[in-house]
Amino acid sequence: MKKLTISSDAPGERLFMLGNEAIARGAIEAGVQLAAAYPGTPSSEILETIASVAKELDIYAEWSTNEKVAFEVALAASLCGLRAMASMKHVGVNVAHDPLMSASYIGARGGLVLLTADDPWAWSSQIEQDSRYIAEQGYLPILEPSSVEEAKNMMADAFALSEEFGHPFIVRSVTRIGHARSDVTLGEISKERRKGFFKKDRSRLVLTPAEARKDRPLMIKRFEEIGKRVNTLPYNQLKLADGAKLSVIASGLSYSYAQEAIEWLGLEDKISVLKIGTPHPLPKELVVKLLSSVPEALVVEELEPFVELHVKAIAQEANISTKIHGKDLLPVMGELSTSKVTEAIAQLTNSKLPVNFGEIEKLREETAPLLPLRPPTLCPGCPHRASLYAIKTAAKRVAKDYGKDVVPIYPGDIGCYSLGYIPPLESNDITICMGAGFGLANGFAHATDVPIIAHLGDSTFFHAGIPPLINAVYNKANITMVVLDNSATAMTGFQPHPGTGYTATGEETVQLKPEDIARACGVKFVEVIDPFDLKMATNTIEKAIRFNGPSLIVSRRLCAIIELREKRERREKVIPYHIDQDKCSEKCEACIKLLGCPAIIKEDGKTVIDSSLCTGCGLCAQICPYKAIVQE
Amino acid sequence: MIKELNILISGVGGQGVILMSELLGNSAVKDGVRIRGSELLGMAVRGGSVFSTIRMGSDVYGPLTPLGKCDILVGMEPSEALRNITYLSKSSLIILNTAIIVPFTVPLGQSKYPSLEVVQEKLESASGKIVKLDANQIARGTGNLLTANIVMLGALFGTELLPIKIETIKESITERFPDKLVPVNIKAFDLGYQTCQQALK
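Residues numbered from 1 in each chain as written. Chains lettered and ligands numbered in written order. Predicted model: local features only at pLDDT ≥ 70, side-chain atom pairs only at ≥ 80, totals over all residues. Heavy atoms only, no water.

J.: Where do I start with the overall build of chain A in this structure?
T.: Looking only at helices and strands, chain A has 23 helices and 21 strands in total. Here the C-alpha atoms of chain A give a radius of gyration of 27 Å, agreeing with the 26 Å that 2.2 N^0.38 yields for 632 residues. Along the first, second and third principal axes, the C-alpha set of chain A runs to 80 × 65 × 60 Å. Across the 632 residues in chain A, those meeting the buried criterion constitute 59%. Considering only contacts in chain A between residues 6 or more positions apart, those separated by 24 or more positions represent 79%. Just so you have it, chain A exposes about 25900 Å², and 53% of that area is on carbon and sulfur atoms. In chain A, the 70 positive side-chain charges and the 78 negative ones have mean positions that sit 4 Å from each other. (Helix = DSSP H or I, 4+ residues; strand = E, 2+ residues; numbered from the N terminus. Rg over C-alpha atoms; globule rule 2.2 N^0.38 Å. Buried < 20%, exposed > 50% of the residue type's maximum accessible area, 1.4 Å probe, protein only. Contact = heavy atoms within 4.5 Å. Areas by Shrake-Rupley, 256 points an atom, 1.4 Å probe, with all protein chains shown as cover. Lys, Arg positive; Asp, Glu negative; His and termini not counted. Charge placed at Lys NZ, Arg CZ, Asp CG, Glu CD.)

Dropping the structure here:
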């Protein structure tokens with residue numbers, strides 16, 4: 001039998017998939033013809049999966065420079081009649097927010113789906129954020145799957161629904177959907193390939209005030225129609241239990257936790273359940289039917305009380321006095337779990353808990369002090385470590401000339417280098433969102449009188465770093481901007497970007513260089529450095545900081561993980577460093593205390609290098625005051 | 001079909017935890033077993049803690065194992081096994097790789113690594129049974145240290161608690177690795193399997 005893959009047209013067969021692969025598969029089954037995205041955990045594998053089969057299935061797939069562009073690319077394709085999608089993480093939707101709100105006014109032609117990957121507990125994000133509020137703000141229907149398999153099916157259906165109503169649809173994934181795994185039954189792959197044709201309709205598509213005022217009531221009407229339809233969609237299911245005193249309303253993934261909790265408590269026949277797959281708009285008829293049948297209800301959902309507040313509003317309108325619980329018993333923060341939902345239901349039903357959660361909590365508290373801290377950190381051989389060390393060394397030299405006690409400010413950004421904020425590097429004073437390192441630097445320059453050295457990565461530079469760079473030139477902000485160019489979007493899995501010379505589907509393309517862009521934008525001090533030549537790098541950064549006016553440094557070195565991979569392919573040996581114990585002063589520990597490289601460890605009181613981790617970058621050898629670190 | 005079997009694999013980024021989950025998942029699907037799971041991707045690559053849940057059976061819906069409901073904890077590293085102690089119950093079985101990985105925060109003086117005795121004592125008191133093996137040592141014996149995760153996978157099958165056939169998991173291993181790496185991984189699997197069987201006798 002031929003091995004099953006993501007592109008196999010084998011309806012009925014089962015395949016073990018990552019949630020993001022299932023989402024991609026859903027789009028493929030629906031006949032998506034264009035997919036655009038910007039990488040961001042937990043969404044990146046969606047476009048990666050589509051790109052990997054794009055040529056074979058005649059799909060256009062691209063990594064866009066940012067989420068706003070990705071959504072605009074998808075919107076245009078939809079207006080040409082193609083099924084199109086954009087995928088991004090929750091905070092990426094903020095970047096795409098502007099065109100998204102307008103898209104709702106003008107509507108869709110070919111099915112248009114925005115996939116947002118929310119990240120409760122912010123496992124790999126700057127913040128938690130509930131995309132359902134963005135959907136509500138824009139009259140955008142949002143589908144929320146309860147499992148990996150449903151994510152695939154919803155994704156496929158979202159295209160059809162979008163076409164049926166001529167309106168963009170959002171599908172909301174969360175970390176435990178996108179990064180969950182499950183067996184999934186494959187559906188048929190649509191072979192339909194449409195030829196794009198842009199039907200001009202200026203009175204609808206040119207959003208001048210006069211036209212927007214005409215579009216708005218049409219948008220509201222479309223949304224009302226969708227509101228009626230959701231009552232019969234299979235994703236919303238009402239199961240009434242005879243004589244139930246409690247009902248559970250569970251949205252998206254929370255439904256799976258609720259289902260398990262109810263079974264764990266043995267209350268299957270005693271609780272009515274409404275499974276919600278469309279939190280916006282809610283299936284009003286089903287909500288009313290449920291609430292009129294029970295005196296008490298518990299709304300189970302992750303993050304904000306979105307469904308809860310709407311259910312309360314529906315109850316008020318329908319004159320139903322059912323007591324509605326939600327965030328009074330479940331946390332607004334972090335992910336839900338079967339355990340948390342079990343506790344809430346047990347409380348409302350006076351049931352005995354299946355396990356003693358109090359004891360488990362006690363065990364957790366007892367164990368916590370024993371555990372060593374193991375935060376994610378910059379890899380051994382990561383060029384960012386060298387760049388960040390050089391930035392701080394240079395900045396401290398300059399700060400001395402500014403005056404006693406002058407402390408430079410280091411605005412940082414989103415990417416692996418964010419990890420430098422912890423000791424010993426402490427190289428990053430503020431990180432809020434993509435591109436903000438340069439943006440904040442502009443403000444700091446006008447608000448303080450200290451050296452300002454901001455850094456961001458190459459992919460981040462192309463994403464949102466260029467407008468604040470231009471701002472610095474235009475408004476004469478005396479700042480130093482450092483692009484940490486490791487030729488990769490490393491944090492999210494090494495996706496290509498405009499600086500790599502390759503597209504999402506592996507085609508060669510123009511390779512853009514941050515230094516060329518900076519020069520073209522009017523930056524007068526632009527230099528490229530190799531961070532592993534530490535002395536030269538530090539001296540050049542010092543010159544940049546001393547330069548009067550905005551300056552830009554490109555610190556260029558390939559990501560250590562890619563470098564190791566390529567060396568392995570070339571069958572090139574990695575030559576690690578080791579510490580000559582005769583020269584090493586045990587108490588010095590400068591290498592450990594200044595760099596925090598995971599390859600430098602203590603063994604029986606001695607400082608040694610773990611040769612299985614060392615990549616041979618040589619940074620530690622350059623800072624060792626005893627010249628005790630040598631290559632083997 | 002079994003109703004519910006909750007496996008938890010914990011370790012450190014780079015130990016091959018995700019690969020183990022993939023092998024288990026592909027094998028479960030081949031043998032017609034319903035499977036759910038989840039793991040932490042992304043930040044975990046950078047040397048952080050990694051945690052993967054694999055759940056099999058007809059009564060499993062959510063991707064995460066509830067607290068106190070883990071049947072088998074596969075601890076790839078002692079302190080990382082301890083980190084997940086709240087998932088255990090008196091009927092849990094632990095398979096523990098005794099080879100430790102000290103995080104960079106220890107030489108920096110930001111935290112301490114607990115003694116192996118304390119870790120084992122804690123885990124023993126919270127579970128039903130513990131099988132200890134030095135998977136790194138066994139892997140080194142096969143000539144390839146990178147097979148430590150497959151040693152542990154073999155040990156997991158050595159419990160004879162999984163609803164997956166040995167031939168099926170070996171088929172998945174064979175499909176997953178390049179031809180020249182298949183024999184060493186099968187050897188690692190067998191050694192892990194035998195070690196666990198002996199320990200359980």
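Structure's up, so let's keep going.
J.: Honestly, the sheet that holds strand β10 (residues 246-251) of chain A in this entry has me stumped. Any pointers?
T.: The pairing of strands in a sheet happens through backbone hydrogen bonds and is either parallel or antiparallel. Residue and element names in this part refer to chain A. Here we have five strands laid out as an open sheet, ordered β9-β11-β10-β12-β13, and mixed in their pairing. Each of the sheet's edge strands pairs with one partner strand only, and the pair in question is β9 (237-239) and β13 (323-325). Between one strand axis and the next, the sheet turns by 15° as a mean value, whatever way the strands run. As paired elements, β9 and strand β11 (residues 271-276) share three bridges and run antiparallel to each other. Its bridge partner lying in β11, L238 is registered against L274. Along the sheet face, helix α14 (residues 338-349) touches β10, β11, β12 (296-300) and β13 and points at about 170° away from the line of β12. (Pairing = 2+ DSSP bridges. Axes fitted to C-alpha atoms, helices over the stretch in contact; angles between N-to-C directions.)

J.: So what exactly am I meant to see when it comes to the pattern of salt bridges here?
T.: Two side chains carrying opposite charge are able to pair once their charged atoms lie near each other. Residue and element names in this part refer to chain A. Evaluated as defined, the whole model comprises 52 salt bridges over all chains. The salt bridge involving E29 is made with K152; its shortest N-O contact spans 3.0 Å. Within this pair, whereas E29 is found in helix α1 (residues 19-29), its partner K152 is found in helix α7 (residues 148-165), the two being separated by 123 residues in sequence. Neither residue differs from the other here; E29 and K152 are each classed as buried. Here E164 and R229 are joined by a salt bridge, their closest N and O atoms 2.4 Å apart. Here E164 is found in helix α7, whereas its partner R229 is found in helix α10 (residues 209-229), with 65 residues between them in sequence. (Salt bridge = Lys/Arg side-chain N within 4 Å of Asp/Glu carboxyl O.)

J.: Honestly, the sheet that holds strand β4 (residues 72-75) of chain B in this entry has me stumped. Any pointers?
T.: Strand order in the open sheet formed by eight strands is β1(A)-β8(A)-β2(B)-β3(B)-β1(B)-β4(B)-β5(B)-β6(B), and the pairing between neighbours is mixed. Whereas interior strands pair on both sides, the edge strands pair on one side only; in this sheet they are β1 (14-18) of chain A together with β6 (129-133) of chain B. Strand-to-strand twist across the sheet, computed as the mean angle between neighbouring axes with direction ignored, equals 15°. With four bridges connecting them, strand β1 (residues 5-12) of chain B and β4 of chain B associate as parallel partners. Its bridge partner lying in β4 of chain B, I9 of chain B is registered against V74 of chain B. Those strands touched by α7 of chain A are β1 and β8 (180-185) of chain A, and its axis lies near 60° from that of β8 of chain A.

J.: How do you make sense of the interface of chain A and chain B when you look at a structure like this?
T.: Counting residues at the interface gives 57 residues for chain A, matched by 59 residues for chain B. When the two sides are added together, the surface that chain A and chain B hide from each other amounts to roughly 4900 Å², 63% of it contributed by carbon and sulfur. For chain A, the biggest contributors to the area lost against chain B are F16, R181 and R374 of chain A; these three give 17% of the whole. There are seven salt bridges connecting chain A and chain B. Between R55 of chain B and E260 of chain A there is a salt bridge, with its nearest N and O atoms 2.7 Å apart. (Buried area = accessible area lost by both parts, 1.4 Å probe.)

J.: Is there a simple way to think about helix α12 (residues 284-291) of chain A in this case?
T.: Along an α-helix, residues three or four apart share an orientation, since each turn contains 3.6 residues. Residue and element names in this part refer to chain A. Every buried residue belonging to α12 is among L286, V287, L290 and L291, and all of these are buried. One face of α12 carries all of its buried residues, which in axial projection span an arc of 125°. Residues of α12 that are exposed and point more than 90 degrees away from the buried face comprise E285 and K289. Looking at the buried residues of α12, the elements they touch are β9, β10, β11, β12, α13 (306-317) and β13. (Arc of directions from axis to C-beta.)

In short, the description is geometric, and any link to function would need to be established separately.
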